[in-house]
Amino acid sequence: MRRLVWRSKGVADFVSEVDLAAEARISASITRRLPRAIVAGEEESPDAFDAPGLVFVVDPLDGTTNYLHGYPEYAVSIGVLEHGVLVAAVVHNAATGEEFTATAGGGAWRGGQPLQVSTIDVPGRALIGTGFPFKHLEHLADYQRQFAVITATTSGIRRAGSAALDLCDVACGRFEAFWEHRLAPWDIAAGMLLVREAGGRVTTFGGTDAAVAHGQIAASNGTLHPWLLGVLAGADPDDSADELAASGILA
């Protein structure tokens, strides 16, 4: 890989010339075809995601740090809102070429094949995705408690570094669930629609349907959602799997 120009936006938060060039190219392509559409891009117009009308919520490179280090987990993510309602989505895994698409009421797809969330209904057999609160260390103590309980009661946790792709993994059944304390609209817009159209759920930690906004995300295959929300609400590293089951969280 040639030497890239990149700069820090904050603690462990970077932007490169690739992010900027990709967003400019995507924006130009959209506005050429749909001149009245609004493009809410992470780098150039991050506050436009709640504008009225037709809005394209664009993350030109989700997983920038991975890309900068040559770690093959990064994607382009675009969610389309019409008057605030998600109507279409695409996530392109730039490292593998996989492409995930969804339309409201039209299902979720990968390479022409329909997607369906996992049918696993036992936490002990579930593989869970997550994102570390590296930008928001005020959530770290709560996250560590949740991590401890989920580690003790599932078959494993994975953190690859792209929330857009994590949500795709829920949609296609690779993960049974995913949680992260704070994400941005461009991180989740496309992935939310993919999970829902594949039969899953995407909510806040309190169980309210998640919106395309800054905030927390709990996504699952639906069956495991009550368990996931229970753990996120009352995680205690001293709880055992038996105690959680007895309390009804694992029911």
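One can find the structure itself at the top, above this paragraph.
Read on for an overview of the structure. (Residues numbered from 1 in each chain as written. Predicted model: local features only at pLDDT ≥ 70, side-chain atom pairs only at ≥ 80, totals over all residues. Heavy atoms only, no water.)

### Describing the packing of aromatic side chains
Move 1: Within the structure shown, the criterion is met by four aromatic pairs.
Move 2: Ring plane angle 85° and centroid distance 5.0 Å describe the contact between Tyr67 and Tyr74, whose orientation is recorded as edge-to-face.
Move 3: When the centroid spacing of 6.0 Å and the interplanar angle of 40° are considered together, the rings of Tyr143 and Phe147 count as tilted. Placement of the pair is Tyr143 and Phe147 together in helix H3 (residues 140-153), with a separation of four residues, close to one helical turn.
Move 4: Overall, the relative accessible area of 4% leaves Tyr143 in the buried class.
Move 5: Under the relative-accessibility criterion, Phe147 is labelled partly exposed at 31%.
Move 6: Here a set of aromatic residues connected by ring pairs shows up, and it is made of Phe132, Tyr143, Phe147 and Trp179. (Phe/Tyr/Trp six-rings, centres within 6.5 Å; stacked < 30°, edge-to-face > 60°. Helix = DSSP H or I, 4+ residues; strand = E, 2+ residues; numbered from the N terminus. Buried < 20%, exposed > 50% of the residue type's maximum accessible area, 1.4 Å probe, protein only.)

### Let's talk about the nonpolar core
Move 1: The biggest cluster of nonpolar side chains holds 41 residues, and the ones touching the most others in it are Val57, Val91, Leu115, Leu194 and Ile217.
Move 2: The set of elements that each furnish at least two residues to this core consists of strand S4 (54-62), strand S5 (75-82), strand S6 (85-93), strand S7 (99-103), helix H4 (163-171), strand S12 (177-183), helix H5 (185-197) and strand S14 (215-220).
Move 3: When sequence neighbours within four positions are dropped, the list of residues in contact with Val57 reads Ala40, Phe49, Ser77, Ile78, Gly79, Leu81, Pro185, Trp186, Ala189 and Val212. (Core = buried A, V, L, I, M, F, W, Y, C linked by side-chain atoms within 4.5 Å. Contact = heavy atoms within 4.5 Å.)

### What about the sheet that holds S14?
Move 1: With mixed pairing, five strands are arranged side by side in an open sheet as S11-S10-S12-S14-S13. Of all strands in the sheet, those bounded by a partner on one side alone are strand S11 (156-158) and strand S13 (201-203). Strand-to-strand twist across the sheet, computed as the mean angle between neighbouring axes with direction ignored, equals 20°.
Move 2: Pairing of S13 with S14, which is carried by three bridges, proceeds in the antiparallel orientation. When the sheet's bridge partners are listed, Thr203 is paired in S14 with Ala218.
Move 3: Helix-sheet contacts for H3 involve strand S10 (127-130), S11 and S12, and the interaxial angle to S12 is about 175°.
Move 4: This element, helix H6 (residues 225-234), spans S10, S12, S13 and S14 of the sheet and lies at about 145° to S14. (Pairing = 2+ DSSP bridges. Axes fitted to C-alpha atoms, helices over the stretch in contact; angles between N-to-C directions.)

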